[in-house]
Amino acid sequence: MQEFMATACTTELYELGEGCRWDDVRGELQWVDILTGRFFRALVDAQQVDIQRTYELTGMLSAFAPMQDRTNGWIVALDQSIYRLEESGELTLLASPEGHQAAQVRLNDGSADPWGRFWIGSFAINEEVGRGSLYRFHESSGTETVMANVTISNGLGWSADARTMYFVDSGPGTVCAFDVDANGDVSNQRVLVQFDVTNEGTPDGLCMDAEGALWLAVWGGYEVRRYSPSGEQLARVQISTAQPSCCTIGGANGTTLYVTTAREDMSDELLEREADAGRLFTVDVGVAGTPLLAYHP
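Note that the coordinates shown come from a computational prediction; the quantities given were computed from them, not determined experimentally.

Reading the values: the criteria
- Residues numbered from 1 in each chain as written.
- Predicted model: local features only at pLDDT ≥ 70, side-chain atom pairs only at ≥ 80, totals over all residues.
- Heavy atoms only, no water.
- Buried < 20%, exposed > 50% of the residue type's maximum accessible area, 1.4 Å probe, protein only.
- Helix = DSSP H or I, 4+ residues; strand = E, 2+ residues; numbered from the N terminus.
- Pairing = 2+ DSSP bridges.
- 1 Å grid on protein atoms, 1.4 Å probe; cavity = no way out; pocket = protein on both sides within 12 Å on 5 of 7 lines; lining within 4 Å.
- Points joined across faces, edges and corners; volume = space filled by probe spheres on them.
- Nonpolar A, V, L, I, M, F, W, Y, C, P; charged D, E, K, R; others polar.
- Axes fitted to C-alpha atoms, helices over the stretch in contact; angles between N-to-C directions.

Asker: Explain the pairing of strand β3 (residues 17-23) residue by residue, including any values.
Answerer: The element β3 is largely enclosed, with a buried count of 7 among its 7 residues. Note: β3 against strand β4 (residues 28-33), 5 bridges, orientation antiparallel. Counted as the bridge partner of W22 is L29 from β4. Where β3 hands over to β4, the hairpin turn is made up of 4 residues, of which G27 adopts a positive phi near 70°.

Written out as C-alpha cells, the structure reads:
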C-alpha cells in the first residue's frame, strides 16, 4: 500500500472547509467554508494557493457544481435550498428540497452527474438516524428523491464510464456502489467499504482518479484513503489534523491531491496541539484526477 504525507498549503483557518474541486476548465481550485458561507476560487502553483475571489453568502454553503458554460456560474446548495450563483455573486433560487426546515435539516455534499444533473444530499442537524435524503435536481424535471432514510448524506462520485456511482452515508460509515443505467438511474446498491466509525473515523467527501480508484477523506481519522473499485485500500495519505473533509486531484501538474479540513467541534486542547486544523492540505499522489462534472441547464 502506498503511503503519502500531506502538508498545509494555506495560512487561513476554515471552520468547516469542504467541497474542494479542481475545475480543469477554469484552471482553478475551488472550495467552501460551510459555516461562514464562503466560496473560494484560487489559482495554484506547486505548493502555493492564491485566492483570487471569495463569495460571501448568507447561510451554510455546503456544495456546488460549475455550469457547463462557466460564464453562467455555479449551481450551489445553501441551507435547505438550491440556487444559481452568478459570477457576479447574485443568487437565484431554483428549488427547496427540504422545504425550508431550518431548525431541523440542511443540505450537505453534492455533485453534478455525467448527464448534467445536480445531486445533493441532506441530514438532520441533530444527526437523527434516517432523517436525511439524497436528491437529484434539474430545472427541466424538478427535484427527485433518489434515496430516503439516509443519516448523513455525503460524498458522491461516478466512474469514468458512468456505469458505477459511489455514495457515502457518514452516519453508518458506509461507502456504497450502485449500478448506473444509460439514463443515469441507479440500482443494485451494495456496501463497498464499511467503516468502524468508533475506531477508524467516518467516511466523508471523495473524488475519483483517472485509474478508476476513489479517494476518500476520513473525518476523525487523520487521513485520506484510496480505494480500488472492488473496495481494496490502495493508499493512505496522512493528514496532521483530525478532520479531513473532502479531496480533489488536479493543480498545475494534474496529480496534486488537495484536502480540506475543519476546526468544527474540536476542543481548545486539540486545537492547540493541531495548529493546522482548518487549513487546506496538499500532496502529489502521482495519478491524475478526472474532469469536473458540470451542471447542464
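Alright, that's what it looks like, and here's the rest.
Asker: Break down the layout of surface pockets for me, citing the residues and quoting the values.
Answerer: Each pocket or cavity is described by its volume, and for the largest pocket that value is around 510 Å³. Lining the largest pocket are 23 residues, and of these F123, E127, I152, W219 and E264 sit closest to its centre. Every element with two or more residues in the lining of the largest pocket is listed here: β11 (105-112) and β19 (202-208). It is β19 that provides the largest number of residues to the lining of the largest pocket, a total of 3 residues. A per-class count over the lining of the largest pocket returns 10 nonpolar, 7 polar and 6 charged.

Asker: Give a description of the sheet that holds strand β10 (residues 91-95) that names residues and reports values.
Answerer: Read from one edge of the open sheet, 4 strands run β7-β8-β9-β10, paired in antiparallel fashion. At either margin of the open sheet sits one strand with a lone partner, and together these are β7 (61-66) and β10. Adjacent strand axes in the sheet meet at a mean angle of 30° when their direction is disregarded. With 5 bridges connecting them, β7 and strand β8 (residues 74-78) associate as antiparallel partners. Bridge pairing in β8 links L61 to L78.

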